[in-house]
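Topology and contacts: notes
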Amino acid sequence: MLRFRQMKSLQKFTSVHANIGNHFNLERHLVSREIYKERRSAAIAEWQNLAA
């Protein structure tokens, strides 16, 4: 928090970071390795489409 000069900047960053973090949080401990890898690949592919 100390790196942000204004609270508005911090709030903007955290809201964007939370949305992206939730997109990649696949809760590995709840699924098998194969399913995890499939979901991770799909998430990365979607992110690349959004970022392009």
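These remarks concern the structure in this document.

About the cut-offs
- Residues numbered from 1 in each chain as written.
- Predicted model: local features only at pLDDT ≥ 70, side-chain atom pairs only at ≥ 80, totals over all residues.
- Heavy atoms only, no water.
- Helix = DSSP H or I, 4+ residues; strand = E, 2+ residues; numbered from the N terminus.
- Buried < 20%, exposed > 50% of the residue type's maximum accessible area, 1.4 Å probe, protein only.
- Patch = residues over 30% accessible without salt bridge, like charges linked within 9 Å, V, L, I, M, F, W, Y side chains within 5 Å.
- Areas by Shrake-Rupley, 256 points an atom, 1.4 Å probe, with all protein chains shown as cover.
- Salt bridge = Lys/Arg side-chain N within 4 Å of Asp/Glu carboxyl O.
- Polar contact = N/O pair within 3.5 Å; in protein donor to acceptor, adjacent residues only side chain to side chain.

All right, on to the overall build of the protein chain then. Counting its secondary structure elements, the protein chain contains 2 helices and 0 strands. Burial status across the protein chain gives 8% buried among its 52 residues.

Another point: a nonpolar patch on the surface. Judged by side-chain polarity, Val16, Ile20, Trp47 and Leu50 come together as a nonpolar surface patch covering roughly 370 Å² of accessible area. Contributions of two or more residues to the nonpolar patch are made by helix H1 (7–24) and helix H2 (33–51). Tracing the chain through its elements places Trp47 in helix H2.

Our focus in this paragraph is the environment of Ser15. Considering the arrangement of structural elements, one finds Ser15 in helix H1. On the basis of relative accessible area, Ser15 is assigned to the partly exposed category, the value being 38%. There is a polar contact of 2.9 Å between the side chain of Ser15 and the backbone oxygen of Lys12.

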